[in-house]
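Next come the chains, spelled out residue by residue.
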Amino acid sequence: MFGEDVAAAQPTRPHGVLDPLIARYASWLALPEEATADTSDEDPENVVLMPMVLRIERREPADRTALLEAAAAAAIAVCLDERCKPGGEWHDAMHFWISGRIRKVARRARGVHWEAVQSLPGRTVRVGNAEVRAFLPMRVADMPKELSRLQISGSELEADEPGPPAPDVPTLWLNPDVPMSAGKSAAQVGHATMFLASLLHGEGLDAELDRWSDGGFRCSVRQADEDTWARLHPRDDAETAWRQRRVAVVRDAGFTEVDPGTVTVLAQWHLVGPKCLVRRQLPDDGR
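Residues numbered from 1 in each chain as written. Predicted model: local features only at pLDDT ≥ 70, side-chain atom pairs only at ≥ 80, totals over all residues. Heavy atoms only, no water.

Caption draft 1: How the structure looks around the packing of helix α2 (residues 64-79) against helix α6 (residues 182-202). It is at 8 Å that the axes of α2 and α6 come closest, and there the two elements cross at 45°. Between α2 and α6, the interaxial angle falls into the category oblique. Crossing handedness for the pair α2 and α6: right-handed. Judged by residue contacts, R64, L68, A71, A72, A75, I76 and C79 of α2 engage A182, S185, A186, V189, G190, T193, M194 and A197 from α6. Class assignment of the residues belonging to the contact of α2 with α6 gives a composition of 11 nonpolar, 3 polar and 1 charged. (Axes fitted to C-alpha atoms, helices over the stretch in contact; angles between N-to-C directions. Helix = DSSP H or I, 4+ residues; strand = E, 2+ residues; numbered from the N terminus. Parallel < 35°, antiparallel > 145°, perpendicular 65-115°, else oblique. Left-handed = near helix turned anticlockwise from the far one by under 90°. Contact = heavy atoms within 4.5 Å. Nonpolar A, V, L, I, M, F, W, Y, C, P; charged D, E, K, R; others polar.)

Quick look at the structure:
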């Protein structure tokens, strides 16, 4: 079963912060559709989420695929930042968030508003002409004005043609039957990289996880065709899908854009080689 092979977290590494997600992964997939949207166990005054900001300039907007690939990398980069290891300044906030619902919200920014959020705790990733910053999870009520003033809507970008996925990095397949805005898709692929990392860590495959980290958490985001989606979809056997085909499933709670219980992304792990690098723009502190 998921989580049986969880290795003891090494105190000098941040991987162990993902431990709560390993056990919850299988139970979440097993919930009835309507139960995925049940928030009766949450205090609405204390909802915690990970903000993500997509840089979408008016005159030269980023390519949609590059933006989603940057979002996917940024989300897991924050989770596995060195500051999230036990005793690190980010550990408690990250552990608390991962122990509950891993909510994310994507906002858009350009110009001075984009520059203003760079000083907030988080990680910025650049892929091609796209940049995304993911932030340390926080209570909605505590969100600073630099983030709260940014728009959630208006993040749509035209579809592009990125070509076939890279063969030696994870591929995040978007559901071909479920249209989503770029903002919604960014949150979903961010969930996907977190699930991949937690499942790798749960099986003691930290060496692969480290190689992925060394390569900047590079991944390919692609719209699946019907045949690919049908072939990879685990149906009711997510454990076999992971152990035999290295496919992880993102299932949405349905608060925005999609119905509760919708599978939005199938994340397919491929062995990541040491030369698979992605350009990253990091904050001034080098992280």
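Caption draft 2: Structural detail: the packing of aromatic side chains. Applying the stated criterion to the full structure yields 3 aromatic pairs. On the basis of an interplanar angle of 80° and a centroid distance of 5.2 Å, the ring pair of W212 and F217 is categorised as edge-to-face. Like W212, the residue F217 is buried in the burial classification. Through a chain of ring-to-ring contacts, three or more aromatic side chains come together here, namely W212, F217 and W269. A cation over a ring is seen here: R83 above W90, with NZ or CZ 3.9 Å from the ring centre. The side chain of R246 reaches across the aromatic face of W242, ending 4.8 Å from its centre. (Phe/Tyr/Trp six-rings, centres within 6.5 Å; stacked < 30°, edge-to-face > 60°. Buried < 20%, exposed > 50% of the residue type's maximum accessible area, 1.4 Å probe, protein only. Lys NZ or Arg CZ within 6 Å of the ring centre and 35° of its normal.)

Caption draft 3: Examining a negative patch on the surface more closely. Taken together, D177, D225, E226 and D227 make up a surface patch of like negative charges. Mapped onto the elements, E226 comes out in helix α8 (residues 226-232). (Patch = residues over 30% accessible without salt bridge, like charges linked within 9 Å, V, L, I, M, F, W, Y side chains within 5 Å. Areas by Shrake-Rupley, 256 points an atom, 1.4 Å probe, with all protein chains shown as cover. Salt bridge = Lys/Arg side-chain N within 4 Å of Asp/Glu carboxyl O. Lys, Arg positive; Asp, Glu negative; His and termini not counted. Charge placed at Lys NZ, Arg CZ, Asp CG, Glu CD.)

Caption draft 4: Spotlight on α2. Spanning 16 residues, α2 covers 23 Å between terminal C-alpha atoms, matching the ideal 22 Å at 1.5 Å per step. With 16 of its 16 residues buried, α2 lies for the most part within the structure. (Expected span 1.5 Å × (residues − 1).)

Caption draft 5: The arrangement of the sheet that holds strand β8 (residues 247-251) in detail. Read from one edge of the open sheet, 4 strands run β7-β6-β9-β8, paired in mixed fashion. Two strands in the sheet have a free side with no partner beyond their single neighbour: β7 (220-223) and β8. Neighbour-to-neighbour, the strand axes of this sheet turn through a mean angle of 20°, independent of strand direction. Examined bridge by bridge, strand β6 (residues 171-174) and β7 share 4 bridges and lie parallel to one another. Considered in β7, the bridge of L174 is made with Q223. (Pairing = 2+ DSSP bridges.)

Caption draft 6: Geometry of the pattern of salt bridges. The full count for this structure, using the stated rule, is 12 salt bridges. We note a salt bridge from E57 to R55, for which the minimum N-O separation is 2.9 Å. A relative accessible area of 23% means that E57 is categorised as partly exposed. Since its relative accessible area comes to 24%, R55 is described here as partly exposed. Notably, a salt bridge pairs D81 with R123, separated by 2.9 Å at the nearest N-O pair. Of this pair, D81 sits in the loop between α2 and α3 (91-98) while R123 sits in strand β3 (residues 122-127), placing them 42 residues apart in sequence. Summarising the burial analysis for this pair, D81 and R123 share the class buried. Overlapping salt bridges bring together R55, E57, R126 and E131 as one network.

Caption draft 7: Geometry of the confidence of the model for the chain. Taken as a whole, the chain shows an average pLDDT of 88; of its residues, 90% reach a score of 70 or greater. Note that pLDDT drops below 50 for residues 1-11; the model gives that stretch 22 contacts with residues more than four away or on any other chain. Below a pLDDT of 50 lies the segment residues 274-287, which in the model reaches 35 contacts outside its immediate sequence neighbourhood of four places, other chains included. (pLDDT = per-residue confidence, 0-100.)

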